[in-house]
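Letter by letter, the chains look like this.
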Amino acid sequence: MDFLAPCAAAIGEEFIMNARYAIGLIVVGCGCAGSTPSASSAPPSEPLASAEAPAPAAPAPPAPLQTTPAAEPAATASVPRLAPPETPDAIKAPSTANLVLKANAKGAQIYVCGKKKEPKAKFEWTLKAPDATLSDEAGKTLGKHYGGPTWEAADGSKIVGAMKAKVDAPDATAIPWLLLEIKSTEGQGVLSHVAWIQRVETVGGKAPADGCDKAHDGAEARIDYSATYYFYANP
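Residues numbered from 1 in each chain as written. Predicted model: local features only at pLDDT ≥ 70, side-chain atom pairs only at ≥ 80, totals over all residues. Heavy atoms only, no water.

Novice: Account for the pairing of strand β7 (residues 194-204), with residues named and values stated.
Specialist: Burial analysis of β7 places nine of its 11 residues in the buried class, which makes it a mostly covered element. Bridging between strand β6 (residues 177-186) and β7 involves four bridges; their strand directions are antiparallel. Counterpart to L179 in the pairing with β7 is Q198. Pairing analysis gives eight bridges linking β7 to strand β8 (residues 220-233), with the strands arranged antiparallel. Following the sheet pairing, V203 is matched in β8 by S226. (Buried < 20%, exposed > 50% of the residue type's maximum accessible area, 1.4 Å probe, protein only. Helix = DSSP H or I, 4+ residues; strand = E, 2+ residues; numbered from the N terminus. Pairing = 2+ DSSP bridges.)

Here it is in structure tokens:
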């Protein structure tokens, strides 16, 4: 058996070398297998671009304009037409004159006590001037009425009148109704074209019945009154 010993030793060495070689191949193969990308880990391929780009969508037709119906004009407020008052013929304004303004007056008639220059004249109350506020039907101030006799509007226009005719008032305790013609005009405004004035619907305003004598010479008395004035312009 001794002749087999060298063979066994040689076979053992060869076996060990072959085993080492095989193990090396296995290790190398594992390393390569780890570095090679698998089919399942490959990134997904991007979809192929379309040969033709899709045609742009046609624009939608414009929506119909929403129009708001025009608002109907507001109804014009009805303005009552001025009507001349019913008066005796003696103080009617000329038929061609146009009534342009109506004003209510409230205030006082101012009288002064004195003796006239006529021989044997007695003392008596004489009208000095009116002092009144003019207003419209709603109570809004339109102007004032004072000596002259003068009517002055809030816009600065003013007129001075002269008595043309008078009649007794229906109320015996009230001052007369008058027709006055304008003798002077000043300023530009609502009274600029007035040519005639009527004083009607008077209440109160008459001079005191007594209290004027030598002892009261120069004394003044304010007597409350109200009236309506109508203003007319020539055509």
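So much for the structure itself; the text now carries on.
Novice: If you had to explain the pattern of salt bridges to someone new, which residues and values would you point to?
Specialist: Counted under the stated rule, the structure contains six salt bridges. K102 serves as the salt-bridge partner of E137, at 3.1 Å between the closest nitrogen and oxygen. Residue E137 is found in the loop between β2 (123-135) and β3 (141-146), and its partner K102 is found in strand β1 (residues 98-115); the two are separated by 35 residues along the sequence. A residue is classified by how much of its surface remains accessible, and E137, at 58% relative accessible area, is exposed. For the salt bridge of D131 with R222, the shortest nitrogen-to-oxygen distance reads 3.1 Å. Placement of the pair is D131 in strand β2 and R222 in strand β8, with a sequence separation of 91 residues. Under the relative-accessibility criterion, D131 is labelled partly exposed at 35%. (Salt bridge = Lys/Arg side-chain N within 4 Å of Asp/Glu carboxyl O.)

Novice: How would you sum up the layout of surface pockets? Please name residues and give values.
Specialist: The space that makes up the largest pocket amounts to roughly 340 Å³. Per element, the largest residue contribution to the lining of the largest pocket is four residues, and it comes from β2. Across the lining of the largest pocket, the residue classes tally to 12 nonpolar, four polar and three charged. Here the second largest pocket is characterised by a volume of approximately 180 Å³. As for the second largest pocket, its lining consists of 14 residues, of which P84, A97, N98, L99 and Y232 are closest to the centre. Of the residues belonging to the lining of the second largest pocket, the class tally is eight nonpolar, four polar and two charged. (1 Å grid on protein atoms, 1.4 Å probe; cavity = no way out; pocket = protein on both sides within 12 Å on 5 of 7 lines; lining within 4 Å. Points joined across faces, edges and corners; volume = space filled by probe spheres on them. Nonpolar A, V, L, I, M, F, W, Y, C, P; charged D, E, K, R; others polar.)

Novice: Just give me the short version of the state of the cysteines, but keep the residues and values in it.
Specialist: Within the structure shown, the criterion is met by one disulfide. There is a disulfide in this structure between C113 and C212, and the S-S distance comes to 2.0 Å. Taking the sign of the S-S torsion, about 90° here, the bridge from C113 to C212 comes out right-handed. With C113 in strand β1 and C212 in the loop between β7 and β8, this residue pair connects regions lying 99 residues apart in the sequence. In terms of burial, C113 and C212 fall into one category: buried. (Disulfide = S-S within 2.5 Å.)

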